[in-house]
Structures are given as C-alpha cells and as structure tokens.
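Take a look at the letters that make up each chain.
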Amino acid sequence: MKDKISLIGVPMDLGQSRRGVDMGPSALRYAGAIERLQNLNFDIHDLGDIPINRPGVIEDTDSKLKNLEQVIEANEILAKMVDEEIKKDRFPLILGGDHSIAIGSLAGISKHYENLGVIWYDAHGDLNTSDTSPSGNIHGMPLAASLGLGHERLTNLYNYAPKIKPENIVIIGARSLDPGEKDLIKELGIKVYTMHEIDRLGMSKVLEETINYFKEHTDGVHLSLDLDGLDPTEAPGVGTPVLGGMTYRESHLAMEMLAESNMITSLEVVEVNPILDEKNKTATLAVGLMGSLFGEKLK
C-alpha cells in the first residue's frame, strides 16, 4: 500500500430511503479513523466532505430512480477528486455515505487500471438496475452501473463505460439478493461467496481463494466495505441490516489477510448510520477493520 492516503468524505444519503447515513463520515472521523492511520505512520490528507444537494426525495419520472440528478452530481465530483489523488500517487480512502457513492469511486479509480479487481464486502449484490430494482434506490445499483448495466447517466458517469469486468469481481458475505441480481450473477459468472460458503469453507479459505484469484486477473484491487456485510448484532448502525452476517473476528481476519497480500489499492467504507447505532459502535468497529487492513498488528 502507498504510505500517502487521501481521505474523502461523501455524506450521501440520497441513494436510499433511510436518513442518517449522511452522518457516516463524521461518525467515522469521530471514532478516530484519521488518528488510527496516523499512528500507523501514514501521511493523511483529509480533503473534507463533498457538499451534497438535498432538495428532498425526487423521483425521476422516466426511470423511477430516486434522486437521480443529485446522486449523479455528487458522484461526478467524487470521481474527479479520486482521479486527481491517484494521479498524485496517493491511496484514495472514501468514507460514506450510502453505497451509491461506489459509482463515483470506481469511475475515478478504474481509469488508472487495465483490469481493476473489486471486492464487494456486502450482504447485498447491488446489481439491480431500474428494470429490476424493487425500490428505485440507487444504492442497490452501483455494481451493475459500474459494469455498464442500467441507466445511461449512471453507467456513463465520468464519460466512459464499463468501469469493471464481471470476471474481476468477488462478492463476499452475500445473503440478500433480489431475483434479477441472482439471474445476472449466473449470466455473467460473477464470483460470489455467500454466507453458506463462508460457513462451510471458513473465512481464511475464502480470502485465500480470493487473493489467489485476483493475483491472476488484476493489476489493482478496490475494496468496497459495506458495514451491513457484518451481522447486525455486531454492526447495528446500518440502514439495511440482514441477520446471519459475518462476525467482527471473521472480518478482522479478512482485513489482516488482505493487508498481508498488499494488493488493495483503494478503499471505501459505506453505510454507517449513527442514528441507528449504539454509542457509535458500528463506526468504531469500522475504524478497527480499517486499522487491520492498513497493517495494524498485535505483535
């Protein structure tokens, strides 16, 4: 990993329907994200938060997507900022915000790689389009949009598409997939480790296979860390909790193994909602996982 990190906050709550996730960047900073990484001798440049226009929920009359213009506007700003920081040879660390911000993250990152790998650490596939989405919430669409599937304004954000290839994706922790997402996973052959596989194989085997898979296929790996990938008993402060998720210890092991692999080239942490949390427990947990990913060790 690069020793210079650029931190970008995206207080986005317009990609979904539960308020509060816009306070995620503040909660993560309050939980000591910057200090944790500074203690590991990283040079942190905090670029602050991207301003988000919040006129209230607006549904696009043609696509039925909620807050389409506002989501696009914020993601375009994010894509440009991420792009500029990578040009400076800095590691982009993006704090969300809901998962719709991944559209901008990947748009800014992917242009710097021939075969960008993506680890989608999440209870959900986020592979819906306007045709398959039950809700019209864009936070359920960023992976599909980055593959070039869905609304043209989302797929062509930052003026190119697609950003990633299906064979360069590994989803870890899935346990809530819509019918259209299941069909797409089968059609494109996307590699998915559901909780069934994690329980049977163990997290160590899952990460070992993932790391080896990416070594063969990619020239950089983006980690998209959604806190609802963890079980809500341990990470209660998320907007779309799903029982039966990964444990804190399993997730620490995953981050430690990724740190040892030295293959992660960018990171986003999303869906922390302090309104639904218990004494900032989820943000504190997230910061602990960041520490492990960036090389924190007990000895």
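None of the values given here were measured: they were computed from a predicted structure.

Next up on the list: the packing of helix 9 (residues 203–217) against helix 10 (residues 248–261). Between helix 9 and helix 10, the least distance of the axes is 9 Å, while the angle of their chain directions is 30°. Taken as axis vectors, helix 9 and helix 10 run roughly parallel relative to one another. In this structure, the crossing between helix 9 and helix 10 has a hand that is right-handed. On helix 10, the residues that touch Met203, Ser204, Leu207, Glu208 and Ile211 of helix 9 are Glu250, Leu253, Ala254, Met257, Leu258 and Ser261.

Between side chains of opposite charge, a pair can form when the charged atoms approach closely. The final tally for this structure, using the stated rule, is 12 salt bridges. Between Asp43 and Arg90 there is a salt bridge, with its nearest N and O atoms 3.5 Å apart. Here Asp43 is found in strand 2 (residues 43–49), whereas its partner Arg90 is found in the loop between helix 3 (68–87) and strand 3 (91–96), with 47 residues between them in sequence. Between Lys205 and Glu209 there is a salt bridge; the shortest N-O distance is 4.0 Å. Taken as a pair, Lys205 and Glu209 lie in helix 9 at a separation of 4 residues, close to a single helical turn. In this structure, a network of salt bridges that share partners links the residues Asp83, Glu84, Lys87 and Lys111.

Moving on, we get to empty space enclosed by the protein. All told, the structure shown has 1 cavity of 30 Å³ or more when counted by the stated rule. Here the largest cavity is characterised by a volume of approximately 40 Å³. Lining the largest cavity, in full, are Leu65, Asn128, Thr129, Ser130, Met141, Ala145, Leu149, Gly150, His151, Leu154 and Thr155. Class assignment for the residues of the lining of the largest cavity results in 5 nonpolar, 6 polar and no charged.

Time to look at the side chain of His252. Note on placement: His252 falls in helix 10. Setting aside residues no more than four positions away along its own chain, His252 makes contact with Gly288, Leu289 and Ser292.

Further remarks concern the packing of aromatic side chains. The full count for this structure, using the stated rule, is 3 aromatic pairs. One aromatic cluster in this structure is built from Phe42, Phe91 and Phe294. Lying over the aromatic face of Tyr160, Lys163 brings its terminal NZ or CZ to 4.8 Å of the ring centre. For Lys191, the ring lying beneath its charged end belongs to Tyr213, and the centroid distance is 5.1 Å.

Moving on: helix 11 (residues 281–293). Note: α-helices contain 3.6 residues per turn, so residues at a spacing of three or four share the same orientation. For helix 11, built from 13 residues, the straight-helix expectation of 18 Å at 1.5 Å per residue is met to within 8% by its first-to-last C-alpha distance of 19 Å. Most of helix 11 is tucked away, with 11 of its 13 residues classed as buried. When we look at burial in helix 11, the residues that qualify are Thr282, Ala283, Leu285, Ala286, Val287, Gly288, Leu289, Met290, Gly291, Ser292 and Leu293. Of the surrounding secondary structure, the elements contacted by the buried residues of helix 11 are helix 1 (24–30), helix 2 (33–38), strand 3, strand 7 (220–226), helix 10 and strand 8 (264–270). Residue Gly295 follows helix 11 closely and has a positive phi angle near 100°.

Tyr121, Ile172, Leu223 and Leu267 are the most contacted members of the largest nonpolar core, which totals 50 residues. Broken down by element, this core gets its largest block of residues, 7 residues, from helix 11. Contact partners of Tyr121, with chain neighbours within four places excluded, come to Ile172, Met203, Leu223, Ser224, Leu225, Asp226, Leu230, Met246, Glu250, Ser251, Ala254 and Met255. Counting residues in each nonpolar core, the second largest holds 44 residues, with Val10, Ile50, Ile185 and Val192 among its members.

Our focus in this paragraph is helix 3. Spanning 20 residues, helix 3 covers 29 Å between terminal C-alpha atoms, matching the ideal 28 Å at 1.5 Å per step. If you check which residues of helix 3 are buried, you get Leu68, Gln70, Val71, Ile72, Ala74, Asn75, Leu78, Ala79, Val82, Asp83, Glu85 and Ile86. On its buried face, helix 3 is in contact with strand 1 (4–10), strand 2, strand 3, helix 4 (102–110) and helix 6 (152–155). Following helix 3 by one or two positions, Asp89 has its phi on the positive side, about 65°.

To continue, consider the environment of Leu276. Relative to the assigned elements, Leu276 resides in the loop between strand 8 and helix 11. Note: C-alpha distance between Leu276 and Lys186 (90 residues apart in sequence) is 34 Å.

Another point: unusual backbone geometry. Backbone torsion omega between Gly96 and Gly97 reads 15°, so that peptide bond is classified as cis. With respect to the element layout, Gly97 can be found in the loop between strand 3 and helix 4. For the bond running from Ala161 to Pro162, omega is -10°, close enough to zero to count as cis. By the element assignment, Pro162 lies in the loop between helix 6 and strand 5 (169–174). Residues other than glycine seldom take positive phi values, yet Glu271 does so here, at roughly 70°. Tracing the chain through its elements places Glu271 in the loop between strand 8 and helix 11. Of the residues examined, Glu271 reaches a relative accessible area of 2% and is grouped as buried.

Calculation rules
Residues numbered from 1 in each chain as written. Predicted model: local features only at pLDDT ≥ 70, side-chain atom pairs only at ≥ 80, totals over all residues. Heavy atoms only, no water. Axes fitted to C-alpha atoms, helices over the stretch in contact; angles between N-to-C directions. Helix = DSSP H or I, 4+ residues; strand = E, 2+ residues; numbered from the N terminus. Parallel < 35°, antiparallel > 145°, perpendicular 65-115°, else oblique. Left-handed = near helix turned anticlockwise from the far one by under 90°. Contact = heavy atoms within 4.5 Å. Salt bridge = Lys/Arg side-chain N within 4 Å of Asp/Glu carboxyl O. 1 Å grid on protein atoms, 1.4 Å probe; cavity = no way out; pocket = protein on both sides within 12 Å on 5 of 7 lines; lining within 4 Å. Points joined across faces, edges and corners; volume = space filled by probe spheres on them. Nonpolar A, V, L, I, M, F, W, Y, C, P; charged D, E, K, R; others polar. Phe/Tyr/Trp six-rings, centres within 6.5 Å; stacked < 30°, edge-to-face > 60°. Lys NZ or Arg CZ within 6 Å of the ring centre and 35° of its normal. Expected span 1.5 Å × (residues − 1). Buried < 20%, exposed > 50% of the residue type's maximum accessible area, 1.4 Å probe, protein only. Core = buried A, V, L, I, M, F, W, Y, C linked by side-chain atoms within 4.5 Å.

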